[in-house]
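Residue-level listing of the chains:
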Amino acid sequence: MKPIHAALAAATIAATLATGTAALSEPNDLPSWQQGENRIGNRVFNDLNGNGIADPDEPGIANVTVTLDKDYAEAGANEPNWVTIASGASSDGGWWSYDHLNDGCYRIGVIPPDGAHPTWETPTLQQWFDHDNNDIDPLTNHSRRFCLDATTRNDSHYRWKIGLTLPTDHAYTQIAAGYDRTCGLLADHRVACWGSGVDDLSGLGSEVPAIVPGITNPSAIAVGSGHACAVLADGTVRCWGHNEDGELGDGTKTDSATPVKVTGITNATAATVGAYYSCAVLADGTVSCWGYNREGNLGDGTTNHSTTPVKVTGITNAAAIAGASSHACALLTDGTISCWGYNSEGNLGDGTTNHSTTPVKVTGITNATAITAGGNHACALLTDGTATCWGYNSEGNLGDGTTNHSTTPVKVAGITNATAITATYGHTCAVLADGTATCWGANWFGQLGNGGDRASYVPVEVAGITNATAAATAGTYHSCALLEDGTATCWGHNGFGALGNGTRANSATPVPVSRAIRAGYPPI
């Protein structure tokens, strides 16, 4: 089996600059602050024909720390030499002023007051004399430099208005977790991700959700060790991240920090990602997979890697799919489950430990309603609300009160009313019909959510959750649940910001994912 990652497998702050001179025209739909009736603060938008359309003033916010830096670098210097020449707090109306700017280059910095997270969705600082180079960097809280000279400096008094916009529509409809990262589908048809590698492919991470560019109208999302995939409403699939084995499905082995289209898929209904491979269920009930295939992960009867989708042998009535480190399972419309790939610990549930490059039936299951797979085990929900698991069990992954691996399904202790289930490397979680959540297995970083760090071989209740929907997800060392109000909550390991609460502190109990969503970079 291929080695994988270590053990894999609100506020929106905007600043707007204005002067006392007449506003320059704005191109297209860029917003500006314009002077009207001898006051500053009328916000207008220009339509494509250049006609100004009035918009209500954005509310100002007091006690925002504003800094004005000037570049004192000598001519020809490669790097700027920023020196703060003024700072202060915005007034009750949200205003901050500075008199007598000389020729030179400047930048603005903003630090929100206590209780307002220093991130924003549309990070732009706009001014009347130059709109091209003043985006605020959401990682540094500073604008890019803007420069004044005789042609641009028309007034010696400058005023900034700091506006606060609270996100009100950032509700999630689905969440998915991978190795130290999490993604969610937003109700406004976008994808936001947080955790490891959100800023690039380096794995540096982001502690709050960031919008993934280039994805519109997603219907499903899957997140793995080093890549992610989204199914779009038109049936196509987009993937992004690492691609050393063709797991992005675009016919190359080139990593991509932006989503790329999976070749040849136009009718997908669901997707899953494993450690280095991906799969999709198609509208005709068949399944296609692509990427790494050393253990038969792709289910096509070979062990050949593939950079484009190949059909899984013999499956024509798939309803759902779940991928783990090196094996995958499909829930079929007749309530049975078929699995393929790596099988050393009984991952495939067929009573053997033989790897299989084609699907084999899981023993004894005829009434499954959901499937999940993680690390080297898998679990299913049954029509009577019980849960059953099979495979690797050294950490209590199977929830049957033992640490014995099992090549056939065993009942999870004490669960009789589950509505959702999710498995990962060392632990498993379920949502129950009463809105509570329960987890079992490894608990090194508090991923069971019960306030402790000791493993549990039987389900334990996640602290404080009473309104979870039938949607939960487990990353390698963390877990998350979607709540009835569309918010998300996570717990466990947070070294890369996978909990999305603006910190990197682990939490053994659930913490809310930040409602502030910044314009960001592709995750993974």
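Residues numbered from 1 in each chain as written. Predicted model: local features only at pLDDT ≥ 70, side-chain atom pairs only at ≥ 80, totals over all residues. Heavy atoms only, no water.

K.L.:
Just checking my understanding: could you explain the side chain of T372 for this structure?
P.N.:
One can find T372 in strand β30 (residues 368–374). Here the side chain of T372 touches A423 through a polar contact of 2.8 Å, landing on its backbone nitrogen. If we skip the residues at most four places from it in the chain, T372 touches A322, A378, C379, I421, T422 and A423. (Helix = DSSP H or I, 4+ residues; strand = E, 2+ residues; numbered from the N terminus. Polar contact = N/O pair within 3.5 Å; in protein donor to acceptor, adjacent residues only side chain to side chain. Contact = heavy atoms within 4.5 Å.)

K.L.:
What should I look at first to understand the state of the cysteines in this one?
P.N.:
Formally, a disulfide is one covalent bond, and it connects the sulfur atom of one cysteine to the sulfur atom of another. Inspection of every chain in the model, using the stated rule, returns 7 disulfides. A sulfur-sulfur distance of 2.1 Å marks the disulfide that ties C279 to C289. Its torsion about the S-S bond being 110 degrees, the disulfide of C279 and C289 is classed as right-handed. Here C279 is found in strand β23 (residues 277–282), whereas its partner C289 is found in strand β24 (residues 287–291), with 10 residues between them in sequence. In this structure, C279 and C289 share a single accessibility class: buried. Covalently, C480 is tied to C490 through a disulfide, its sulfur atoms 2.1 Å apart. One quick way to see it: the torsion about the S-S bond of C480 and C490 is about 105 degrees, and its sign makes the bridge right-handed. Here C480, found in strand β39 (residues 478–483), pairs with C490, found in strand β40 (residues 488–492); they are 10 residues apart in sequence, far enough to count as distant. (Disulfide = S-S within 2.5 Å. Buried < 20%, exposed > 50% of the residue type's maximum accessible area, 1.4 Å probe, protein only.)

K.L.:
Which parts of the structure should I look at to understand the confidence of the model for the protein?
P.N.:
The predicted coordinates should not be examined in detail at positions where pLDDT is low. The pLDDT averaged across the protein works out to 79; a share of 72% of its residues lies at or above 70. Contacts from residues 115–136, a stretch scored under 50 in pLDDT, to residues over four places away or in other chains number 98 contacts. In this model, residues 198–204 is a region of pLDDT below 50 whose contacts with residues beyond four sequence positions or in other chains number 29 contacts. (pLDDT = per-residue confidence, 0-100.)

K.L.:
Looking at this structure, I do not really get the pairing of strand β16 (residues 191–195). What am I missing?
P.N.:
If a strand is regular, its side chains alternate between the two faces of the sheet. β16 sits mainly inside the fold: 5 of its 5 residues count as buried. Where burial is concerned, the two faces of β16 agree: the one with V191, C193 and G195 and the one with A192 and W194 are both buried. As paired strands, strand β15 (residues 181–186) and β16 are joined by 5 bridges and run antiparallel to one another. Counterpart to R181 in the pairing with β16 is G195. (Pairing = 2+ DSSP bridges.)

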